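In case you want the letters, here they are:
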Amino acid sequence: QVQLVESGGGSVQAGDSVRLSCAASGRIFESSLPGWFRQAPGKEREFVAVEGWRDSSPLYADSVKGRFTISRDDAKNTVYLQMNSLKHVDTALYFCTTTSFSRFGSTAAREFGPWGQGTQVTVSS
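Reference entry: report on the structure contained in this document. (Residues numbered from 1 in each chain as written. Predicted model: local features only at pLDDT ≥ 70, side-chain atom pairs only at ≥ 80, totals over all residues. Heavy atoms only, no water.)

## Observations regarding the sheet that holds strand β8 (residues 78–83)
Sheet strands associate in pairs through backbone hydrogen bonding, adopting either a parallel or an antiparallel arrangement. Threshold: By the convention used here, strands pair only if DSSP detects at least 2 bridges between them. Secondary structure elements follow DSSP: runs of H or I no shorter than four residues count as helices, runs of E no shorter than two count as strands, and numbering proceeds from the N terminus. Comment: axis = line fitted to C-alpha atoms, over the contacting stretch for helices; angle = value between 0 and 180 degrees taken between N-to-C directions.
Within the open sheet, the four strands sit side by side as β1-β3-β8-β7. Their pairing is antiparallel. In this open sheet, the two edge strands, each paired with only one partner strand, are β1 (4–7) and β7 (68–73). Ignoring which end each strand starts from, the neighbouring axes of this sheet average 20 degrees apart. Judged from the six bridges that link them, β7 and β8 form a sheet pairing that is antiparallel. Within β8, the position partnered with Arg72 by the bridge is Val79.

## Let's talk about the pattern of salt bridges
Should their charged atoms come close, side chains of opposite charge can pair. Stated precisely, the cut-off is as follows: Each salt bridge in this description consists of a side-chain nitrogen of Lys or Arg and a carboxyl oxygen of Asp or Glu lying within 4 Å of one another. Buried residues are those whose accessible area, probed at 1.4 Å on protein chains only, stays under 20% of the maximum for their type, while exposed residues exceed 50% and partly exposed ones sit between those limits.
One pass over the structure, following the stated rule, counts six salt bridges. A salt bridge links Arg67 to Asp90; its shortest N-O distance comes to 2.8 Å. With a gap of 23 residues between them, Arg67 in the loop between β6 (59–60) and β7 and Asp90 in the loop between β8 and β9 (92–99) connect regions that are remote in the sequence. Of the two residues examined, Arg67 and Asp90, each falls in the buried class. Between Arg103 and Glu111 there is a salt bridge, with its nearest N and O atoms 3.1 Å apart. Looking at Arg103, the relative accessible area reads 40%, which means it is partly exposed.

## Some remarks on the packing of aromatic side chains
Worth spelling out the cut-off: Pairing of aromatic side chains requires ring centres within 6.5 Å, counting the rings of Phe and Tyr and the six-membered ring of Trp. Pairs whose planes differ by under 30 degrees are stacked, by over 60 edge-to-face, and all others tilted. For a lysine, the NZ atom is tested; for an arginine, the CZ atom; a charge sits over a ring if that atom is within 6 Å of the ring centre and within 35 degrees of the ring normal.
Tallied over the full model, the rule gives five aromatic pairs. Aromatic pair Phe37 and Phe112: ring centres 4.8 Å apart, planes at 70 degrees, arrangement edge-to-face. Placement of Phe37 in strand β4 (residues 33–39) and of Phe112 in the loop between β9 and β10 (119–124) is noted, with a sequence separation of 75 residues between them. Ring geometry for Phe95 and Trp115: centres 6.3 Å apart, planes at 85 degrees, overall edge-to-face. On the criterion of sequence distance, the pair formed by Phe95 in strand β9 and Trp115 in the loop between β9 and β10 is long-range, its members being 20 residues apart. Residue classification places Phe95 among the buried positions, given a relative accessible area of 6%. Each member of the aromatic cluster is reached from another via a ring pair, and the members are Phe37, Phe47, Phe95, Phe112 and Trp115. Here the guanidinium or amino end of Arg45 rests over the ring plane of Trp115, the centre of that ring lying 4.6 Å away.

Structure representation (structure tokens):
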């Protein structure tokens, strides 16, 4: 089974930038759409971003649009999430995941999987 391993999280100040990485043990990203979710303490897991499909651009949650960028390096089986202008409300455990091409457009967590173990991002105001 393909494993997803996130890295790059840490503690930063508001306004800083962080780049998260997600390395896959196989070429899962070639046959699915990689995405990111996050979960803050006491809250449900929420959609952050998903790669685009065919002519469609990547999808972003309104709360991160214009600040976060999802990208991929197929040669390295790795997906990235560049996070700029971080805010305290961005503090969460960030998860890497994938969804099928046919489910592109859905932002529900139940439409995604498998999942990585998560990497913590803490933003101090």
